[in-house]
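Letter by letter, the chains look like this.
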Amino acid sequence: DREFRTALASAGLLLTASDLHLIQLRTRRPVLLDGGALDALAYVPEASAETDRILRGIYGTSLAAVHQSHEGSLREDVGKARWQDMTLPEWRQVARDFGVTDVLTLREWKLRLPVVASDMDFVLYEIPTGG
């Protein structure tokens, strides 16, 4: 879908749902965290503290929990209930704390944010500025 690809290509840091992997490659847009590639921390241990801050502040989990799962990625539902319950002021706080402007989720996720574009698989939401 051309409209969806155009919207995805806009400027700003993108927040992606749980295990969405290689979105930065597919969109040419910077992502805050690739939840499908947490096993890369073995090669860049200096990033562990910031990764843990992101996991706790956004996804409601921790690096320790990911290690205990023995998986190199987040499960597909990590953060879903939390994100669907978040209010606009909470999303604005996430935007301020982490520098994200938009949120990409699987189509089944329903956030209380304005939809920018969607296709058969994904929904792109905007975090409005202000307030």
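Structure: above.
Bear in mind the structure is a predicted one, so any value in this text is a computation, not a measurement.

### Re helix α6 (residues 88-98)
Given 3.6 residues per helical turn, the α-helix brings residues three or four places apart onto the same face.
Thinking step 1. Inspection of α6 places W91, R92, V94, A95 and F98 among the buried residues, and these make up the whole buried set. Down the axis of α6, the smallest arc covering the buried residues is 155°, so these residues share one side. Exposed positions of α6 whose direction lies more than 90 degrees from the buried face are P89 and R96.

### A look at the environment of R75
Thinking step 1. Along the polypeptide, R75 turns up in the loop between α4 (63-69) and α5 (80-85).
Thinking step 2. Note on R75: relative accessible area 47%, which makes it partly exposed.
Thinking step 3. Here the alpha-carbon distance between R75 and A17, two residues 58 residues apart in the chain, equals 9.9 Å.
Thinking step 4. The contact partners of R75, leaving out residues within four places of it in the chain, are S18 and D19.

### What to know about the packing of aromatic side chains
To describe a pair of aromatic rings, you give the distance between the ring centres and the angle between the ring planes.
Thinking step 1. Applying the stated criterion across every chain yields a total of 3 aromatic pairs.
Thinking step 2. Centre to centre, the rings of W83 and W91 are 5.5 Å apart; their planes meet at 80°, and the pair counts as edge-to-face.
Thinking step 3. Centre to centre, the rings of W83 and W109 are 5.4 Å apart; their planes meet at 75°, and the pair counts as edge-to-face. Separated by 26 residues along the polypeptide, W83 in helix α5 and W109 in the loop between β2 (100-106) and β3 (115-118) bring together distant segments of the chain. Pair check on accessibility: W83 and W109 agree, each one buried.
Thinking step 4. Chaining the aromatic ring pairs together yields one cluster made of Y59, W83, W91 and W109.

### Remarks on the sheet that holds β2
Through backbone hydrogen bonds, the strands of a sheet pair up, either in parallel or in antiparallel fashion.
Thinking step 1. Strand order in the open sheet made by the 4 strands is β1-β2-β4-β3, with mixed pairing throughout. Among the strands making up the open sheet, the edge pair consists of β1 (13-16) and β3. Sheet twist, expressed as the average angle between the axes of neighbouring strands with direction ignored, equals 25°.
Thinking step 2. Strand direction decides the pairing type here: β2 and strand β4 (residues 122-126), joined by 5 bridges, are antiparallel.

The rules behind the values
Residues numbered from 1 in each chain as written. Predicted model: local features only at pLDDT ≥ 70, side-chain atom pairs only at ≥ 80, totals over all residues. Heavy atoms only, no water. Buried < 20%, exposed > 50% of the residue type's maximum accessible area, 1.4 Å probe, protein only. Helix = DSSP H or I, 4+ residues; strand = E, 2+ residues; numbered from the N terminus. Arc of directions from axis to C-beta. Contact = heavy atoms within 4.5 Å. Phe/Tyr/Trp six-rings, centres within 6.5 Å; stacked < 30°, edge-to-face > 60°. Pairing = 2+ DSSP bridges. Axes fitted to C-alpha atoms, helices over the stretch in contact; angles between N-to-C directions.

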